[in-house]
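Summary of the model geometry
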Amino acid sequence: MNIRTFALVQNVKLLERLIGQGFIEGATPEAIVAYLEGLTDDDGNPAPIADAQTRVDIVGAKKRIPELGAAELRSMGGRNVVRAAFGLPAIQPTEP
């Protein structure tokens, strides 16, 4: 496998984990698709995921829903930032 193919496979897996995290957090498939279709690049130009509905259907049909790791969640700003992206309310930390 060459480097470019490896990078594309890793990007697809990250996208699947992001979609899976949306399901785990309780987002509806419609909310996940809307988020994916509303993505922009670093310059603010529209950069939607072209086959968002298909990708959401594929991840939703898996026996084990993929999820983001702790480091990936932190790099994206935390769990509440990911929840907000899918239109979900923030989770308040519990007292020990």
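Residues numbered from 1 in each chain as written. Predicted model: local features only at pLDDT ≥ 70, side-chain atom pairs only at ≥ 80, totals over all residues. Heavy atoms only, no water.

Section: helix H3 (residues 52-60)
Among the residues of H3, those classed as buried are Ala52, Val56 and Val59. Looking straight down H3, one finds that the buried residues subtend no more than 65 degrees of arc, so they occupy a single side. (Buried < 20%, exposed > 50% of the residue type's maximum accessible area, 1.4 Å probe, protein only. Helix = DSSP H or I, 4+ residues; strand = E, 2+ residues; numbered from the N terminus. Arc of directions from axis to C-beta.)

Focus: the environment of Lys13
Looking at the element boundaries, Lys13 is found in helix H1 (residues 3-25). For the pair Lys13 and Pro66, spaced 53 residues apart in sequence, the C-alpha to C-alpha distance is 8.7 Å.

Observations concerning H1
Between its first and last C-alpha, H1 extends 33 Å over 23 residues, near the 33 Å set by a 1.5 Å rise per residue. For H1, the secondary structure elements touched by its buried residues are helix H2 (29-37), H3, helix H4 (70-75) and helix H5 (79-85). Among the residues trailing H1, Gly26 stands out with phi positive, at a value near 105 degrees. (Expected span 1.5 Å × (residues − 1). Contact = heavy atoms within 4.5 Å.)

What about the environment of Gly26?
Relative to the assigned elements, Gly26 resides in the loop between H1 and H2. Gly26 sits in the partly exposed class, given a relative accessible area of 47%.

Details of the packing of H1 against H2
At a minimum axis separation of 9 Å, H1 and H2 run at an interaxial angle of 140 degrees. Here H1 lies oblique to H2, going by the angle between them. The element H1 and its partner H2 pack so that their crossing is right-handed. The residues of H2 that touch H1, namely those facing Leu15, Leu18, Ile19, Gly22 and Phe23, are Pro29, Ile32, Tyr35 and Leu36. (Axes fitted to C-alpha atoms, helices over the stretch in contact; angles between N-to-C directions. Parallel < 35°, antiparallel > 145°, perpendicular 65-115°, else oblique. Left-handed = near helix turned anticlockwise from the far one by under 90°.)

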